[in-house]
Amino acid sequence: MLSRLGALLQEAVGAREPSIDLLEAFVEHWKGITHYYIESTDENTPAKKTDIPWRLRQMLDILVYEERQQTAAGEAGPCLEYLLQHKILETLCTLGKAEYPPGMRQQVFQFFSKVLAQVQHPLLHYLNVHRPVQKLLRLGGTVPGSQTEKEEVQFTTVLCSKIQQDPALLTYILEGKKIVSRKKSSKEPITLPREAASIQDKDHPHSKSPDLSPCKAQALTAQLPAETEEPDGGVGESNLITSLIGLCKSKKGRVALKAQENLLLLVSVASQAAATYLVHSSPCCPAIVEHLCQLYQSMPTFLDPADIAALEGISWRLPSAPSDEASFPGKEALAAFLGWFDYCDHLITEAHVVVADALAKAVAEKLFMEILQPHLLHVSEQSVLTSTALLTAMLRQLRSPALLREAVAFLLGADPQPAAPEDGPRTLCAHLIGHCDHLSDEISITTLRLFEELLQKPHEQVLRSLVLCNLEGRHYVARGSPEPESYEDTLDLEEDPYFTDGFLNSSFQPSAKPPPAPATNSDGKTAVTEIVNSFLCLVPEEAKTSAFLEETGYDTYVHDAYGLFQECSSRVSPWGWPLGPTPLDPHEPERPFFEGHFLRMLFDRMSRILEQPYSLNLQVTSVLSRLALFPHPLIHEYLLDPYINLAPGCRSLFSVLVRVIGDLMQRIQRVPQFPGKLLLVRKQLMGQVPGEQLDHQTLLQGVVVLEEFCKELAAIAFVKFPPHSPHLHLSPPQEGHV
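Residues numbered from 1 in each chain as written. Predicted model: local features only at pLDDT ≥ 70, side-chain atom pairs only at ≥ 80, totals over all residues. Heavy atoms only, no water.

J.: Please clarify how the overall build of the chain should be interpreted in this entry.
T.: Helix and strand counts for the chain come out as 34 helices and zero strands. For the chain, with 738 residues in total, the buried portion stands at 53%. Within the chain, contacts between residues separated by at least 24 positions form 78% of all contacts whose residues are at least 6 apart in sequence. Total accessible area on the chain is roughly 33,800 Å²; 52% of this is exposed by carbon and sulfur atoms. (Helix = DSSP H or I, 4+ residues; strand = E, 2+ residues; numbered from the N terminus. Buried < 20%, exposed > 50% of the residue type's maximum accessible area, 1.4 Å probe, protein only. Contact = heavy atoms within 4.5 Å. Areas by Shrake-Rupley, 256 points an atom, 1.4 Å probe, with all protein chains shown as cover.)

So, in C-alpha cells, the structure goes:
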C-alpha cells in the first residue's frame, strides 16, 4: 500500500523533485467524501460502490506515509493535526451510525482499526480520538448477529493490543462518557491529561489547512438523519467490556473466539492499577458471570447424567458439541454452558490475581450459591440429579486455583470441624453425603461421582474435611493394649460388635492358611506381604471366579495402581504430609471415635454390597479406592492395615469387609449351584456371554465386585509401601498369595 502511494507521488512530481503537498491531498480526499453527502440523492447505493472506501484508503496511506517521513520522532504531522483538529473521526463515527450510504458503518470500523493499528503516534491519548472510539464501541455489540461483527471484533482487537502495550490506557478507554462529560464541563484540551505535557499546543489550525466552508458543513449536517445525534446516555452504557461480551455471544464461531481472546488479553494486563480498575469500576466480572448464569438457566430442567458425562472435554476454543455424539434435547445449550464455564476457568487462570480472585468469587456467589445450591437441596429428584451431574462436570473441567478454592469452600465449608454422630445435615456437604445414601440409586451414584471427582482435585482441604479431621489423634486405635501375638488375635471375631454369630457356625474356610504372625519392619510397620495376603485371602475360594478367566489377574491391578499412586503422590507432594503416624501415648485415656459422616456412609454402603445394584457397588468401591491411594499415614493405617488393634466399637475398612464375608458365607448356603451361577454372572459382566436374568443376580454381582475390590486394595497396598523398605524389590505376588 505504501509502495503504491510512493509510486503515485513520484509519478506526479517526478524523481528528485519536491514532494506534493500531502496535506492538500489529504484534505482533497476528505472533501470528496463530504461532497458525496452534499451532492448525492441516491440513498440506496451501497457504500462500497461509491468512491468513499477508496478515499478512506488514500487518507490512511497519506497518514502512514507522512509519519514515516517525519524527522522528529513523536511529533504529529500536518495531516494528523488536521484529522484531530477537524474532528474527522467524530464525523465518520456519526456517518457510520447513520448507516448512510448502506454499509458505511463497516467502512468506518475498518478505517478506525487501520488508523489505530498503523499510525504509531499514540492517538488514543487525544480526546478527539478517544471520544469517537467510545461512540464507535457503543455502536458495536448492540445488535446480535449484525453485519459488522467481523469489523467490530477487529476494532476491539486493535484496542486490546494497544492496552497490552500501555496498560495505563485501560482506564481511559473503559471510562467512556465519564471522561467525555468531564471534558465538556470545561475547556476541552486536545489530548487526555497523560499526554498533555508532551504535545505542543495545537489550538490554532495549520496555516495551510483548508477546511469545509460553514455553508457546506451545515449542508452536510442537514443531509444526515436526525437519529445520528449522540444521546446523552449515562455511565452504564456500552464500552469495550460490554462490546466484547456481546461479540463473545456471536453465532459466528471465529468472531466469538476472537472476542474471547481479546477479553482474555484485557484481563491479563500486568498493571495493578488497571486490574483494580477492571474489578471495581467496570462491568467486567458481573458481565462475564451474568452470561454464565444465563447459559445455565437456558438449559433444560432435566438432563440425563449420562448425556452430561458424554460431553466431557468441551473446550472454550471448541465449544460446540462433538458431531459424533448422540443427539439429545438440550445438547447445544449444555455444550454452550460448559464451553463458557471452561472459558471463565481459563480467564481466572490467566488473569491478574486481583481480577482472578474477584471473578472466582463472582462465579461462586452468582452460580454456585444463588443458582446451584437451591437445586442441590431441592425436593425434586430430577433437580437434584441434574444439578449434581452438572456440578461434577464443572469440577472435572476446573483447573484454576482461585475457582477451585471457591468451589471447595462452597461444597465443604470454609472451616470444617470434626463431626459427631448425632450431627444433622446442617451444611451443604452433609446434605450431599446424605444423597450418597439416597433412596434413589441414581442420585446416590451421581453424588458419589461428585465426591470422587472432588477427591482428585489438588486442594488439601478436601481430604482434611472429609476424612483426616476425624482420624487425627488415632482414637480408633485401642490404648494400653499389647500388640497382637498372632494373626488370629487380630480377627477376634467374637468380640467384634459388627460380626454375627451365624458366621461362626457357617462352613467358612479361608482360601489360604493365615500366616502365624504379621511380619514387621524396623519402624514397626506391618510388612507389605502380610497386608497384601490379608486382602487377597479374604474372599474364600468358593466365592472366587477370576482364576477361571485370564483378563482379571492381580498383576493388572498392580500396574494400574502404580500409575494412579504416582499421580496422586505428585498432586499432594506440596502439602508436606508426615511420613508416619504420630506415636500413641499409652497413658492417654480412650476417647469416643467417630469416623465422620463421609467414611460412615462409605462403610455403610460397603456393608450392603451384596444387596446393592452392580453400578452402585462399582461407584462405592471406586471412591474407596481413590481414598486408599492417598499417601497419608492415617489413610494407610485406617484403610489398609488389617492388623490394626481397633478400639472397642470402632470399625475399619478391613473389619467391614470381614463382616461382609461372614454374611456372604451364610447366603451361599441358600443359593443352589452357586459356583456355576457365579462364573456365569462374571462372564455376563465381561460381555463374554449374553446377559440373562438369574435368581440372586444382585448377590452374585456383588460377590464379583467384592473379589475385584479386595484385589484392588491389595495392589494399592503393594505400590504404596514405603520406598526405603526392602520389600519394595519384591515382584508382584501371584494370585492368592505373595
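What follows continues from the structure just given.
J.: Looking at this structure, how should I read the confidence of the model for the chain?
T.: Close inspection of predicted coordinates is inappropriate in any region flagged by low pLDDT. On average, residues of the chain score 81 in pLDDT, and 77% of them are at 70 or above. Scored below 50 in pLDDT, residues 483-518 makes 64 contacts in the model with residues more than four places away or belonging to other chains. (pLDDT = per-residue confidence, 0-100.)

J.: Could you clarify how one ought to interpret the nonpolar core in this entry?
T.: Within soluble globular proteins, side chains that are nonpolar generally end up buried alongside one another. Judged by nonpolar contacts, the single largest core of 220 residues is most densely connected at L92, L240, L367, F368, F598, L657 and L706. The dominant element in this core, judged by the number of residues it contributes, is helix α34 (residues 697-720), at 15 residues. If sequence neighbours within four positions are ignored, L706 has contacts with V539, M606, I609, L657, V660, I661 and L664. (Core = buried A, V, L, I, M, F, W, Y, C linked by side-chain atoms within 4.5 Å.)

J.: Explain the environment of Y100 here, please?
T.: Mapped onto the secondary structure, Y100 falls in the loop between α5 (88-98) and α6 (104-118). Residue Y100 is classed as buried on the basis of its relative accessible area of 8%. With 54 residues separating them along the chain, Y100 and P46 place their C-alpha atoms 8.4 Å apart. Excluding anything up to four places from it in sequence, Y100 contacts Y37, S40, D42, E43 and L95.

J.: Please clarify how unusual backbone geometry should be interpreted in this entry.
T.: Glycine aside, residues mostly have negative phi, and peptide bonds are mostly found in the trans state. Put simply, Y100 and P101 share a cis peptide bond, and its omega is -5 degrees. Relative to the elements of secondary structure, P101 occurs in the loop between α5 and α6. At R474, a position not held by glycine, the phi torsion is positive, near 50 degrees. Its location among the elements puts R474 in the loop between α24 (460-471) and α25 (487-490). Judged by relative accessible area, R474 falls into the buried class, the value being 10%.

J.: Which parts of the structure should I look at to understand the state of the cysteines?
T.: What makes a disulfide is a covalent bond joining the sulfur atoms belonging to two cysteines. For the structure shown, the criterion picks out zero disulfides. In this structure C285 is a free cysteine whose sulfur lies 4.8 Å from that of C284, the closest cysteine sulfur available. Counting only cysteine sulfurs, C344 is the nearest neighbor of C293, a cysteine outside any disulfide, at a range of 9.1 Å. (Disulfide = S-S within 2.5 Å.)

J.: Is there a simple way to think about helix α18 (residues 331-350) in this case?
T.: Since the α-helix advances by 3.6 residues per turn, residues separated by three or four positions end up pointing in the same direction. The terminal C-alpha atoms of α18 lie 28 Å apart, and with 20 residues this matches the ideal 28 Å at 1.5 Å per residue to within 8%. For α18, a buried count of 14 out of 20 residues is recorded, marking the element as mostly surrounded by other parts of the structure. (Expected span 1.5 Å × (residues − 1).)

J.: In this structure, what is going on with the pattern of salt bridges? I would like to understand it.
T.: It is possible for side chains of opposite charge to pair when their charged atoms get near one another. Counted by the stated rule, this structure contains 23 salt bridges. Here E637 ties to R474 by a salt bridge, and the two come within 2.5 Å at their closest N and O atoms. Taken together, the positions of E637 in helix α31 (residues 633-640) and R474 in the loop between α24 and α25 put the pair 163 residues apart, joining distant regions of the chain. Each member of the pair, E637 as well as R474, carries the same accessibility label: buried. Between D663 and R667 there is a salt bridge, with the nearest N and O atoms lying 3.2 Å from each other. Residue D663 and its partner R667 are located together in helix α32 (residues 653-668), separated by four residues, close to a single helical turn. Members of the salt-bridge network, linked through shared partners, are R682, E707, E708 and K711. (Salt bridge = Lys/Arg side-chain N within 4 Å of Asp/Glu carboxyl O.)

J.: Any chance you could explain the packing of aromatic side chains here in plain terms?
T.: Aromatic ring pairs are defined here through the distance separating the ring centres and the angle between the ring planes. One pass over the full model with this rule turns up 18 aromatic pairs. Ring centres 5.6 Å apart and planes at 90 degrees place the aromatic pair Y36 and Y37 in the edge-to-face group. You can call Y37 buried: its relative accessible area is 0%. Considering the side-chain rings of F368 and F410, the 5.3 Å spacing of their centres and the 25 degrees angle between planes classify their relative orientation as stacked. With F368 in helix α19 (residues 353-376) and F410 in helix α21 (residues 401-412), this pair connects stretches of sequence that are 42 residues apart. Comparing F368 with F410, the two get one shared label, buried. Here a set of aromatic residues connected by ring pairs shows up, and it is made of Y476, F593, F603 and Y638. (Phe/Tyr/Trp six-rings, centres within 6.5 Å; stacked < 30°, edge-to-face > 60°.)

J.: Looking at this structure, I do not really get the side chain of Q684. What am I missing?
T.: Tracing the sequence through the fold places Q684 in helix α33 (residues 674-685). If we ignore the near neighbours within four places in the chain, the residues touching Q684 are V689, P690, G691, E692, L694 and Q697.

J.: It is not clear to me how helix α13 (residues 240-248) should be interpreted in this structure. Could you clarify?
T.: With respect to burial, α13 is a largely interior element, seven of its nine residues being buried. Of all the residues in α13, the buried ones are L240, I241, S243, L244, I245, L247 and C248. At the N-terminal end of α13, a side-chain oxygen is found 3.0 Å from the backbone nitrogen of I241, two or three residues along, and the residue is N239. (Polar contact = N/O pair within 3.5 Å; in protein donor to acceptor, adjacent residues only side chain to side chain.)

J.: Teacher, can you tell me more about the side chain of S383 here?
T.: Along the chain, S383 turns up in helix α20 (residues 381-397). Not counting the four nearest positions on each side in its chain, S383 is found in contact with H375 and H378.

J.: Where do I start with the packing of helix α29 (residues 597-607) against helix α30 (residues 614-629) in this structure?
T.: Each pair of packed helices can be summarised by the angle the axes make with each other and by the distance between the axes. The interhelical angle for the contact between α29 and α30, taken along N-to-C directions, is 135 degrees, at an axis separation of 10 Å. Comparing the axis directions of α29 and α30 gives the class oblique. Between α29 and α30 lies a crossing of left-handed hand. Along its contact with α29, which presents F598, L599, L602, F603, R605 and M606, the element α30 presents L616, V620, T621, V623, L624 and L627. (Axes fitted to C-alpha atoms, helices over the stretch in contact; angles between N-to-C directions. Parallel < 35°, antiparallel > 145°, perpendicular 65-115°, else oblique. Left-handed = near helix turned anticlockwise from the far one by under 90°.)

J.: Could you clarify how one ought to interpret the packing of α21 against helix α22 (residues 428-435) in this entry?
T.: Contact geometry for α21 and α22: axes closest at 6 Å, N-to-C directions at 75 degrees. Taken together, the axes of α21 and α22 lie roughly perpendicular to each other. When α21 is examined against α22, the residues F410, L411 and L412 are found in contact with a partner set consisting of L428, C429 and L432. Per-class residue counts for the contact of α21 with α22 are six nonpolar, no polar and no charged. (Nonpolar A, V, L, I, M, F, W, Y, C, P; charged D, E, K, R; others polar.)

J.: So what exactly am I meant to see when it comes to the environment of A478 here?
T.: By the element assignment, A478 lies in the loop between α24 and α25. Each residue touching A478, except ones within four places of it in the same chain, is listed here: E590, N645, L646 and A647.

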